Amino acid sequence: VIFLVVNGFVARSLVKNLRGSGDRIQVLRNELADQEMWLEEATKADARERWLNASMPTLSGTTLGKEQGDLLQRMQDEIFDRKLDIVQQSLQDIETTGFYTEVSVRLRVRGNEADVIDWLVSLQGPEKFLVIKAMELEIDLRAKEEEPQAVCEITVARWYASEGAGPLTQGGKAEGSSEQG
């Protein structure tokens, strides 16, 4: 009887361990698939990191406030060159992460629909390090002009390399850091 009871406990323990190891095997398979995906993307990630390190503007010799003012001035110049109207403008809070520092401005622009869209298209380009953080584009149906009018509320940010930013590794983490990039 004692032999049967002991064997029952041992069998129960083995079954419990085997059930848990099936879950553990699935977790390990998922980790393996994730690592294989990163391995396939490694050359692209390395090229992207080299391009960012070589191309991202730095803040050496200038201040964040000046860069933010320059961003607003550039936006104003582009808007006025396209004969658009700035209805509202404001400077946004400066944000700093482990990998970049961001200065941003918020604008409300009104003008011919085609000109507003052309201006929005001109903001694009990876070499500019401009980010459209938020945008709302509305067609102004109450406008009296013959050309369709649009109102665009947009927050535009520019990124600069942070001081002491470490190189990115898989998962967007800096070496020796737990922050996400």
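Quick caveat: nothing in here was measured; it's all calculated off a predicted structure. (Residues numbered from 1 in each chain as written. Predicted model: local features only at pLDDT ≥ 70, side-chain atom pairs only at ≥ 80, totals over all residues. Heavy atoms only, no water.)

1. Let's talk about the pattern of salt bridges
Going through the model one piece at a time under the given rule, you end up with eight salt bridges. A salt bridge links Asp140 to Arg110; the shortest N-O distance between them is 2.9 Å. Within this pair, whereas Asp140 is found in strand β4 (residues 130-140), its partner Arg110 is found in strand β3 (residues 100-112), the two being separated by 30 residues in sequence. For Asp140, a relative accessible area of 18% translates into the label buried. Shared partners join several salt bridges into a network, and the residues in it are Glu95, Glu102 and Lys133. (Salt bridge = Lys/Arg side-chain N within 4 Å of Asp/Glu carboxyl O. Helix = DSSP H or I, 4+ residues; strand = E, 2+ residues; numbered from the N terminus. Buried < 20%, exposed > 50% of the residue type's maximum accessible area, 1.4 Å probe, protein only.)

2. Describing the nonpolar core
One finds Met75, Leu107, Trp119, Leu120, Leu123 and Ile154 to be the most contacted residues of the largest nonpolar core, which totals 19 residues. Secondary structure elements with two or more residues in this core: α2 (64-81), β3, α3 (113-122) and β5 (149-161). When sequence neighbours within four positions are dropped, the list of residues in contact with Ile154 reads Val105, Arg106, Leu107, Trp119, Leu120, Leu123, Ile132, Ala134 and Met135. (Core = buried A, V, L, I, M, F, W, Y, C linked by side-chain atoms within 4.5 Å. Contact = heavy atoms within 4.5 Å.)

3. Some words on the pairing of β5
Among the 13 residues that make up β5, eleven are buried, leaving the element largely enclosed by the rest of the structure. Relative to β5, β3 runs antiparallel, the two being bridged by 13 bridges. The partner of Val103 across the bridge, within β5, is Arg158. The pairing of β4 with β5 spans ten bridges and is antiparallel. In the strand pairing of β5, Leu130 is matched with Arg158. (Pairing = 2+ DSSP bridges.)

4. Some details on α2
An ideal rise of 1.5 Å per residue puts 26 Å on 18 residues; α2 measures up with 26 Å between its terminal C-alpha atoms. Trailing α2 by a residue or two, Lys83 shows a phi angle of about 60°, which is positive. (Expected span 1.5 Å × (residues − 1).)

5. What about the confidence of the model for the protein chain?
Here the protein chain averages 83 in pLDDT, and 88% of its residues register 70 or above. A low-confidence stretch, residues 166-181 (pLDDT under 50), is modelled with 28 contacts involving residues beyond four sequence positions or located in other chains. (pLDDT = per-residue confidence, 0-100.)

6. Here we look at the packing of aromatic side chains
Two numbers describe a pair of aromatic rings. These are the distance of the centres and the angle of the planes. What the rule picks out here adds up to two aromatic pairs. Between Trp51 and Phe129, the aromatic rings sit 5.3 Å apart at their centres with planes inclined by 15°, giving stacked as the arrangement. Of the two residues, Trp51 sits in helix α1 (residues 2-55) while Phe129 sits in the loop between α3 and β4, which places them 78 residues apart along the sequence. By relative accessible area, which is 36% here, Trp51 ends up partly exposed. Judged by its relative accessible area of 7%, Phe129 is buried. (Phe/Tyr/Trp six-rings, centres within 6.5 Å; stacked < 30°, edge-to-face > 60°.)

7. Some details on unusual backbone geometry
Residue Lys83 is not a glycine yet carries a positive backbone phi of 60°. When you line up the elements, Lys83 lands in the loop between α2 and β1 (85-91). In this structure, Phe129 takes a positive phi of about 55° despite not being glycine.

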